[in-house]
Amino acid sequence: MDSISVVLDYVNSIDIDSWVLWVLYPILITFLLPSFIILFLYLSSLMLFIYKQRMKLKAAYDHDFWDGARKTLGALWWAQARTWHGYEVEGLHHIPESGPALIIYYHGVLPVDIYYVLTTVLLEKGRLIHLVGDKFLFHIPGWQTLMEVFNVTPGTVTSCVDQLKNGHLLCISPGGVREGLFSDENYGIMWNKRCGFAKVALQANVPIIPMFTVNIREAFRTPNWARAWFRGLYEKTRLPLAPVYGLFPVKLKTIFGEPILANPNFTAEELAEAVKSALESLIATHQKCPGNILRALLERIPFFR
C-alpha cells in the first residue's frame, strides 16, 4: 500500500497541463514552421506595395522601376536559402543567357525551390523567369502585387506561347499542387497525362529544361494520413487544404538537366513522355529514395553527402 500511495502522490504532483504542452510542443512547432514561408511571402508583397507607392512619380520616367525591388527581394531570399538550406544550384549553364526556354520542374509540397531558382537566375544572369501558377494563388488577399511584379500568370497555351515567342524564360510544373500535396517520399511524378506544356514548346519551338531539387520533399511534408483524406476533397474543390508541416533546414540542391529540343516530328504526348523520362532520370540519379528527413539534415555536412 505504501508504494501505491507514493505513486499516487507522484501522479497528483504532476502538472498535467505542463506535461501535455511538453508532449505537444514538437508537433505544434513542425506544423507552425511552414507559416513562416507564408509570412515571408506576405512581407515580400508588403515591401513591393510600399515600393510601388514611393516610386509612382518616378514610374513615368523609368522603363522598369521594379528591377531594384526584385533584386532587393532576391538578395533576401538568397540569404534565407543559403543560411537555412545551404542551397546550391548545379547546371545553371543550361539556362540561356538570352532567348526563350521552358523549364519543367517537380513540384514539392511548398515549392520554395522555385523562389530560390528565380532569385538565382535573376541575380546571376539578370533574367526574370516567368511563372505559371495555380489559379487559387490569384485569390489570396494581398498577393496581387507580388504576382504582377514577378510575372506569375494562370497560363493558357496561347499566353505561354506568346511569352516564349517574346524571348522570355517560362517555368511550369505539370504536376502542380496535386503532385506537391499527394506525391510521397518516393518522389513519384503525378502528371496525369498532362501535355499542355509540350504543345507550348512545340508551338514556340523552344528547348525544354528539366529541373529537380534534391530533398525538396524533406523540407516540407504532408502527413501520410492527410494524403488519403484530403485527396478527394482536392479533386472536387481544387483547393490545397491538406495540412503541411516542416521548414526543416535540410540540404537543398537544384539540378538543371540537359535541354531537350522540341522535335517537330514529335507529338505533344511523345515530347511530354520524353521530358517526364528526363525528369525521372534526374530524380533517380540525385535523390535517395525514399526520402528521409534525418539524412537530408545530415547532408548539410559534406562528410555525409
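Enquirer: Just give me the short version of the environment of aspartate 113, but keep the residues and values in it.
Expert: Note that aspartate 113 resides in helix H6 (residues 112–125). In this structure aspartate 113 touches Tyr87, Tyr106, Met211, Thr213, Ile216 and Thr254, once residues within four positions along its chain are discounted.

Enquirer: An account of unusual backbone geometry is requested, with residue identities and associated values reported.
Expert: Here the residue pair cysteine 289 and proline 290 is connected by a cis peptide bond, since its omega of -5° sits within 30 degrees of zero. Despite not being glycine, asparagine 192 has its phi angle at roughly 50°, a positive value. By the secondary structure assignment, asparagine 192 is in the loop between helix H9 (176–182) and helix H10 (196–204). If you check the backbone angles, asparagine 205 has positive phi at about 55° while not being a glycine. Checked against the element boundaries, asparagine 205 lands in the loop between H10 and strand S6 (208–214).

Enquirer: Run through the sheet that holds strand S5 (residues 169–172), naming residues and quoting values.
Expert: Pairing is mixed across the open sheet formed by seven strands, whose spatial order is S1-S9-S6-S2-S5-S3-S4. The two strands at the open ends of the sheet, each matched to only one other strand, are strand S1 (88–90) and strand S4 (152–153). Of the strands in this sheet, S1, strand S2 (101–105), strand S3 (129–132), S5, S6 and strand S9 (253–256) are in contact with H6, which crosses S3 at around 160°.

Enquirer: If you had to explain the pairing of S3 to someone new, which residues and values would you point to?
Expert: Residue alternation in S3 divides its side chains into two sets, Ile129 and Leu131 and His130 and Val132, and both sets are buried. Where S3 and S5 come together, three bridges link them in parallel fashion. Directly across from isoleucine 129, in S5, lies its bridge partner leucine 169. Bridge analysis of S3 against S4 gives two bridges, and the strand direction is parallel. Among the inter-strand pairings, leucine 131 is bridged to a residue of S4, identified as valine 152.

Enquirer: Tell me what's going on with the pairing of S9, and back it up with residues and numbers.
Expert: In terms of strand pairing, S1 meets S9 through three bridges, oriented parallel. For glutamate 88, the partnering residue across the bridge sits in S9 and is lysine 253. With four bridges connecting them, S6 and S9 associate as antiparallel partners. Opposite threonine 213, over in S9, you have threonine 254 as the bridge partner.

Enquirer: Give a detailed account of the packing of helix H8 (residues 157–165) against H10, specifying residues and quantitative values.
Expert: For the pair H8 and H10, the least separation of the axes is 9 Å and the interaxial angle reads 40°. Considering the angle they form, H8 stands oblique to H10. Crossing handedness for the pair H8 and H10: right-handed. Packed against H8, whose contacting residues are Val157, Cys160, Val161, Leu164 and Lys165, the element H10 presents Gly196, Val200, Gln203 and Ala204 at the interface. Counted by class, the contact of H8 with H10 contains six nonpolar, two polar and one charged residues.

Enquirer: Which residues make up the pattern of salt bridges, and what values do they have?
Expert: Tallied over the full model, the rule gives ten salt bridges. Residue glutamate 88 is joined to lysine 251 by a salt bridge in which the shortest nitrogen-to-oxygen separation is 2.5 Å. With glutamate 88 in strand S1 and lysine 251 in the loop between strand S8 (245–246) and S9, this residue pair connects regions lying 163 residues apart in the sequence. Look at glutamate 88 and you get partly exposed, because its relative accessible area is 29%. When the shortest N-O distance is used, the salt bridge between arginine 238 and glutamate 235 registers 3.1 Å. Three or more residues are tied together by salt bridges with common partners; here these are Arg178, Arg231, Glu235 and Arg238.

Enquirer: If you had to explain the packing of aromatic side chains to someone new, which residues and values would you point to?
Expert: Here the structure, examined in full by the defined rule, presents 13 aromatic pairs. Look at tryptophan 78 and tyrosine 87: their rings are 6.1 Å apart centre to centre, the planes differ by 80°, and that puts the pair in the edge-to-face class. Judged by relative accessible area, which is 0%, tyrosine 87 ranks as buried. With centroids separated by 5.7 Å and ring planes inclined at 55°, the aromatic side chains of phenylalanine 182 and tyrosine 234 adopt a geometry described as tilted. Here phenylalanine 182 is found in helix H9, whereas its partner tyrosine 234 is found in helix H12 (residues 224–237), with 52 residues between them in sequence. By relative accessible area, phenylalanine 182 is classed as buried at 9%. For tyrosine 234, a relative accessible area of 3% gives the class buried. Through successive ring pairs, a cluster of aromatic residues spans Phe40, Trp77, Trp78, Tyr87, Tyr115 and Tyr116.

The rules behind these values
Residues numbered from 1 in each chain as written. Predicted model: local features only at pLDDT ≥ 70, side-chain atom pairs only at ≥ 80, totals over all residues. Heavy atoms only, no water. Helix = DSSP H or I, 4+ residues; strand = E, 2+ residues; numbered from the N terminus. Contact = heavy atoms within 4.5 Å. Pairing = 2+ DSSP bridges. Axes fitted to C-alpha atoms, helices over the stretch in contact; angles between N-to-C directions. Buried < 20%, exposed > 50% of the residue type's maximum accessible area, 1.4 Å probe, protein only. Parallel < 35°, antiparallel > 145°, perpendicular 65-115°, else oblique. Left-handed = near helix turned anticlockwise from the far one by under 90°. Nonpolar A, V, L, I, M, F, W, Y, C, P; charged D, E, K, R; others polar. Salt bridge = Lys/Arg side-chain N within 4 Å of Asp/Glu carboxyl O. Phe/Tyr/Trp six-rings, centres within 6.5 Å; stacked < 30°, edge-to-face > 60°.

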